[in-house]
Amino acid sequence: MKQTIVTFRDAKKNNRKITMLTAYDYSTAKLIDEAGVDSILVGDSLGNVMLGYSDTLAVTMEDMLHHGKAVTRGVNNALVVIDMPFMSYQTSVYDAVVNAGRLIKETGANAVKLEGCLCAQIKAIVEASIPVVAHLGLTPQSVNAIGGYKVQGKEADAAKRLLEEAKAVEAAGAFALVLECVPSKLAGLITKTLKIPTIGIGAGDQCDGQVLVCHDMLGMFSDYTPKFVKKYAVLGENMKEAFTHYCQEVESGKFPSQEHAYDIPDEIINGLYGNNK
Ligand code: KIV
């Protein structure tokens, strides 16, 4: 069954945890969807795990459109949320609506996500009938302004500001809020205060749902691993073993065997030898 923003609302009402994972390509999105995950995020973390950038700042609208289209081709049920890349919405309310519209229209995603307490942008995008997921706490597009990837809201002022911002993005019309790298008790308080569901990443167990970067939880990305990541598989190691095994078999002549080759009757080959005389 196709998941919608109503699924999110009902999950919070019924105390059912929401599941979300990132995906950036057709095959992975299809597997995640078949596993029954509620929502797939085409995260701008694709800048790190797919494109090898050290942060998400260089990710473009074209990158998001390209990967977003691949993901939606693989999804039947999950609600697809797509990230608005750095500088596609911070510049003006007009830019935000135009770029959110392009992401939805050209990829077929169901909702956009944007970082920060940019309420005018959220309100205008929602008014254009595009559902918005807000993202507060550690907002990676602000890494230079924050001064690194750090837990947010630890001091009294910062905790109060985060709570106020959470209320503000809800009032602006966001239908869900991603909380990244926030102390568990603060995330719990925000979750209790808001009517919209919170989706945590490094925000403890009191959020209404959880999201992880697919490559992190599968053990496919080893450049760095934040404390909040749990590895549910060691696919990186499995992949390396498979690549090494393949090289060994090609070099030794074990692959391809008859099983992976195509036959042709001998008389045809013999006839070709005859033609070559
Ligand atoms: O880009 C992303 O993958 C994200 C998640 C970390 C929430 O924004």
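In the block above lies the structure referred to throughout.
What you see is a predicted model, and the numbers here were worked out from it, not measured in a lab. Residues take numbers from 1 onward in each chain, read along the sequence in its written order. Totals for whole chains, interfaces and linings use every residue, but because this is a predicted model, local features are given only for residues with pLDDT of at least 70 and side-chain atom pairs only at 80 or more, for both listing and counting. Derived side-chain values reflect all non-hydrogen atoms in the structure, with water molecules and hydrogen atoms excluded from consideration.

1. With respect to the site of the ligand
Definition of nearness: a residue and a molecule or strand are near each other if at least one heavy atom of the residue lies within 4 Å of the molecule or strand. In the region of the ligand, the neighbouring residues are T22, L41, G43, D44, S45, D83, K113, H135, V178, E180, I201 and V213. We call two N or O atoms a polar contact when they sit within 3.5 Å, provided that within protein one can donate a hydrogen and the other can accept it, with sequence-adjacent residues counted only if both atoms are side-chain atoms. Interatomic distance of 3.0 Å between a side-chain N/O atom of D44 and an oxygen atom of the ligand. Within the side chain of D83, a nitrogen or oxygen atom sits 3.0 Å from an oxygen atom of the ligand. With residues, only the protein chains shown are counted as cover, and all accessible areas are computed by Shrake-Rupley using a 1.4 Å probe. Computed on the free molecule, the ligand has an accessible area of 260 Å², of which 95% lies beneath the protein chains in the complex. Most atoms of the ligand, that is more than half of them, are within 2 Å of grid points of the largest pocket. Each residue receives one of three labels: charged for Asp, Glu, Lys and Arg, nonpolar for Ala, Val, Leu, Ile, Met, Phe, Trp, Tyr, Cys and Pro, and polar for the others, Gly being one of them. Looking at side-chain class alone, the shell around the ligand contains 4 nonpolar, 4 polar and 4 charged residues. The method works on a 1 Å grid over the protein atoms by themselves. A cavity is a set of points holding a 1.4 Å probe that cannot get out, a pocket is an open set with protein on both sides within 12 Å along at least five of seven lines, and residues with an atom within 4 Å of a point line them. For a molecule to be placed in a cavity or pocket, more than half of its atoms must lie within 2 Å of the grid points of that cavity or pocket.

2. Overview of the pairing of strand 3 (residues 79-83)
Where burial is concerned, most of strand 3 is hidden: 5 out of the 5 residues are buried. Relative accessibility decides the category of a residue: with a 1.4 Å probe and only protein chains considered, values under 20% of the type maximum give buried, values over 50% give exposed, and everything between is partly exposed. Numbering goes from the N terminus for both helices and strands, where a helix is a DSSP run of H or I of at least four residues and a strand is a run of E of at least two. With burial as the criterion, each face of strand 3 is covered, one bearing L79, V81 and D83 and the other bearing V80 and I82. At least two bridges found by DSSP between two strands are what make those strands a pair. As judged from the 4 bridges shared by strand 2 (residues 39-42) and strand 3, these two strands associate in the parallel manner. Looking at the pairing, V42 lines up with I82 of strand 3. Where strand 3 meets strand 4 (residues 111-115), 3 bridges bridge the pair, whose relative direction is parallel.

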